Amino acid sequence: MIGKRVAIAILLALLVGGCSKQSTQAGEPPAPPTPTAAPAGAPGDTVSKSPITVDDLELMKKSVLFTEEDAKYLKMSRAVLEPQTEAILDVWYGFVGSQPHLLAYFSSAAGEVQPDYLAKVRVRFGQWILDTAQADYDQAWIDYQLEIGRRHHRIGKNRTDGADAVDHIHLRHITLLTVPIVHTLRPFLEAKGHSASDVDKMQQAWLKSVLLQVTLWSYPYVNDGDF
Ligand code: HEM
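Bear in mind that the values here come from a model prediction, so they are computed numbers and not experimental data. For every chain, the first residue of its written sequence is number 1, and the numbers climb from 1 along that sequence. Only residues with pLDDT of 70 or above have their local features reported here, since the model is predicted, and side-chain atom pairs are shown and tallied only from 80 upward, although totals for entire chains, interfaces and linings are computed over all residues.

**Here's the deal with the overall build of the protein**
Logical step 1: By the criteria applied, helices consist of DSSP H or I runs no shorter than four residues and strands consist of E runs no shorter than two, each listed in order from the N terminus. Counting its regular elements, the protein contains eleven helices and zero strands.
Logical step 2: Beginning at the N terminus, the succession of helices and strands in the protein can be written as α-α-α-α-α-α-α-α-α-α-α.
Logical step 3: Counting other C-beta atoms within 10 Å of a residue's own tells you its class, since 20 or more makes it buried, 12 or fewer makes it exposed, and anything in between is partly exposed; those C-beta atoms are placed from the backbone. Within the protein, the proportion of its 227 residues that are buried is 32%.
Logical step 4: Sequence-distant contacts, at least 24 apart, represent 80% of the contacts inside the protein between residues at least 6 apart. Two residues qualify as being in contact provided that their C-beta atoms, derived from the backbone, are within 7 Å of each other.

Spelled out as structure tokens, the structure:
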């Protein structure tokens, strides 16, 4: 059971995040987050260059069996998921909020949940859903994956939002969160009347993409030369 104070903090974050909905017409590129909503939050912003190249990513795609067909089904999922972004974030935030060992990473060292931090990260998380489904995995996207990795790691966590939360997320939970993220997407992928086969293929493509991404995010966590 989560305490009353924690529950209020999560509710606040959900409400604030829910108000900052970033809807666009299906098919149009998503509007960049506004500076107040998501400081330095979108691919294309100034981020460090990743040592991982497009050629490296092509080999990683082969390792995870990611093909053009997966890119096609991710793009199909974009139109399906975009109008449901806030509901998806409610489910994912609900999961993190229900797990004290995960909520701790959005809290101060003393255990105080940071609703403002939750809300600000939520805006970038919404953008991430669209970027993942857009499947334009070019060098700018690869560079931004390094930035996301850094933001989970002590070398970059809290800085984007000026948050006062614990300074590092342990890698073990990042890789494992792939399962709840992809599993809970299923009802949203089913919601627009696609065939079971299309839903399966969209979900498989999401699994491969999230695995590619959490692998890229692990870069700051591993010893030099080991990635
Ligand atoms: C599959 C696993 C995960 C996914 C897909 C994911 C996704 C994301 C995304 C998209 C962002 C925003 C990135 C940006 O700044 O543009 C983010 C930030 C964040 N995530 Fe994760 N995440 C995962 C695992 C975790 C875990 C296990 C935790 C622990 C609770 C966590 C806590 C956070 C925090 C605290 C931030 C804000 C970091 C900062 O900028 O200070 N994430 N995550």
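**Structural notes on the site of the ligand**
Logical step 1: Neighbouring the ligand are 25 residues; R124, W128, R151, H173 and L177 lie closest to it.
Logical step 2: When contributions to the shell around the ligand are tallied by element, the ones reaching two or more residues are α6 (115-134), α7 (139-152), α8 (171-176), α9 (178-183) and α11 (196-217).
Logical step 3: Residues of the shell around the ligand, tallied by class, amount to 15 nonpolar, six polar and four charged. Whether a residue is near a molecule or strand depends on its C-beta atom, placed from the backbone, lying within 6 Å of it. Asp, Glu, Lys and Arg are counted as charged, while Ala, Val, Leu, Ile, Met, Phe, Trp, Tyr, Cys and Pro are counted as nonpolar; the rest, among them Gly, fall into the polar class.

**Observations regarding unusual backbone geometry**
Logical step 1: One non-glycine residue, L65, adopts positive backbone phi at about 60 degrees.
Logical step 2: Topologically, L65 is positioned in the loop between α2 (54-63) and α3 (68-81).
Logical step 3: A tally of 10 C-beta atoms within 10 Å means that L65 is categorised as exposed.
Logical step 4: Backbone geometry at A135 places phi at a positive 60 degrees, although glycine is not the residue there.
Logical step 5: Note that A135 resides in the loop between α6 and α7.
Logical step 6: Residue classification places A135 among the buried positions, given that 20 C-beta atoms sit within 10 Å.

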